[in-house]
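The primary structure of each chain is shown beneath.
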Amino acid sequence: MDNNVNTETKKFSAKKIVIPVVILVFVAVVLFNAVTIVGPGHTGVVVTLGKVNEGVLQEGVHLKVPFVQQVVSIDNRIRKLEVNTEAFSKDLQSVNTVLAINYRVDTKKSDSIYKNIGADYESVLVTPAVNEVLKAITARYTAEESVTNRQLISDGLVEGLNGKLNDIGLYITDVNIIDFDFSEAFITAIEEKQVAQQQLLKAETEKQTAITNAQAEAEAIKIKADAEAEANNIVSKSLTDQVIENKKIEKWNGELPKVTGNTESLVDVGSVTQ
């Protein structure tokens, strides 16, 4: 009899312990599911029984209906997407391009994006838009121009992508062209063209140097000739009749000429004086 009483007492005591514990656990689970935390740089999209609510939850702690509502976190920070795609240039060259796209989700449209596109909006929307806009822009330039106009192509991508995605709530902040990869035949043709241009430049430089040297030599000859002509002119102007006579007297040694007259009748001056 006592054993039965003890057993019943133990069962009752166990129930008194288990029931409150179960209640506490239930309350804890309910409270846990009634609170959600939205992290920094994110917004929370509230889904009630499968339906997306309008508006979003900002950073911080929020209450929600447990077991009825769930909160989907959307990253609104700048994200980087790398796209490897192929396009054709204006001269029909195949161009494999590697792009780094920086973009972000508008906080005010997080709910709309999740509702209409889903959480995988990057592969569903952003990547196809990048491929489409890149093909359109690449077709404006030859393959060689694509290399020399990278900044123009990057700016065109930013403008074109924002034109397609801004209304949805996606904003492109920057596009960097990591690499342009052309066919081997095109690369060989470019190298040959560069070699030809370098040889032409060298020939032009040598030609210009020769012309410059010739002009310098001709100018030196002209300067020398002008200087000699000027010197002769000065000397000529300074040689008056009186100066010439004085020069003759300065050079005379005091002796009279031995012969006088013309070639037909020569007279010995010495015999006349005798």
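The coordinates are above.
Residues numbered from 1 in each chain as written. Predicted model: local features only at pLDDT ≥ 70, side-chain atom pairs only at ≥ 80, totals over all residues. Heavy atoms only, no water.

> Give me the lowdown on the overall build of the protein chain, citing residues and values where you can.
Of the regular secondary structure elements, the protein chain holds eight helices and ten strands. Expressed as a percentage of the 274 residues in the protein chain, the buried residues total 23%. Partitioning the contacts of the protein chain with sequence separation of at least 6, the portion at a separation of at least 24 is 67%. Surface summary for the protein chain: the accessible area is close to 19,400 Å², and the carbon and sulfur share equals 57%. (Helix = DSSP H or I, 4+ residues; strand = E, 2+ residues; numbered from the N terminus. Buried < 20%, exposed > 50% of the residue type's maximum accessible area, 1.4 Å probe, protein only. Contact = heavy atoms within 4.5 Å. Areas by Shrake-Rupley, 256 points an atom, 1.4 Å probe, with all protein chains shown as cover.)

> Describe the nonpolar core, naming the residues involved and giving the relevant values.
Within the largest apolar cluster, 33 residues are counted, with the highest numbers of intra-cluster contacts made by Leu99, Ile101, Leu157 and Leu170. Looking at this core element by element, the count peaks at seven residues for helix H3 (residues 121-138). Leaving out residues up to four positions away in the same chain, Leu157 has contacts with Leu99, Val133, Leu134, Ile137 and Val175. (Core = buried A, V, L, I, M, F, W, Y, C linked by side-chain atoms within 4.5 Å.)

> If you had to explain the packing of aromatic side chains to someone new, which residues and values would you point to?
Counted according to the given criterion, the structure contains zero aromatic pairs. A cation over a ring is seen here: Arg104 above Tyr171, with NZ or CZ 5.0 Å from the ring centre. (Phe/Tyr/Trp six-rings, centres within 6.5 Å; stacked < 30°, edge-to-face > 60°. Lys NZ or Arg CZ within 6 Å of the ring centre and 35° of its normal.)

> I'd like a description of the sheet that holds strand E5 (residues 69-75), backed by residues and values.
The strand order across the open sheet built from three strands is E3-E2-E5, with neighbouring strands paired in antiparallel fashion. Looking at which strands have only one partner, the edges of the open sheet turn out to be strand E3 (51-57) and E5. The sheet shows a mean angle of 30° between the axes of neighbouring strands, taken without regard to direction. Of the pairings in the sheet, the one linking strand E2 (residues 42-48) to E5 comprises seven bridges and is antiparallel in character. Each bridged residue has a counterpart across the sheet, and for Val47 the counterpart in E5 is Gln70. (Pairing = 2+ DSSP bridges. Axes fitted to C-alpha atoms, helices over the stretch in contact; angles between N-to-C directions.)

> Which residues make up helix H5 (residues 150-165), and what values go with them?
A rise of 1.5 Å per residue sets the reference length of H5, with its 16 residues, at 22 Å; its end C-alpha atoms lie 22 Å apart and thus fit the reference within 8%. Every buried residue of H5 is accounted for by Ile153, Ser154, Gly156, Leu157, Leu161, Asn162 and Leu165. Where the residues of H5 are buried, they touch strand E7 (94-105), H3, helix H4 (143-148) and strand E8 (170-181). (Expected span 1.5 Å × (residues − 1).)

> Before we move on, can you summarise the pairing of E3 with the specific residues and values?
Across a regular strand the side chains alternate sides, sitting on one face of the sheet and then on the other. Taken together, the four bridges between E2 and E3 define a ladder with antiparallel strand orientation. Among the inter-strand pairings, Gly44 is bridged to a residue of E3, identified as Leu57. Here E2 folds back onto E3 in antiparallel fashion, the turn holding two residues, of which Leu49 has a positive phi close to 50°.

> How would you summarise the side chain of Ser146 if you had to cite specific residues and measurements?
Relative to the assigned elements, Ser146 resides in helix H4. Judged by its relative accessible area of 0%, Ser146 falls in the buried class. Residues within four places of Ser146 in sequence aside, it is in contact with Tyr141, Ile153 and Phe180.

> Break down the sheet that holds E7 for me, citing the residues and quoting the values.
The three strands lie next to each other as E6-E7-E8, forming an open sheet whose pairing is antiparallel. Either end of the sheet is taken by a strand with one partner, and the two such strands are strand E6 (79-88) and E8. Across the sheet, the axes of successive neighbouring strands diverge by a mean angle of 25°, strand direction being ignored. Together, E6, E7 and E8 form the strand contacts of H3, whose direction differs from that of E6 by roughly 40°.

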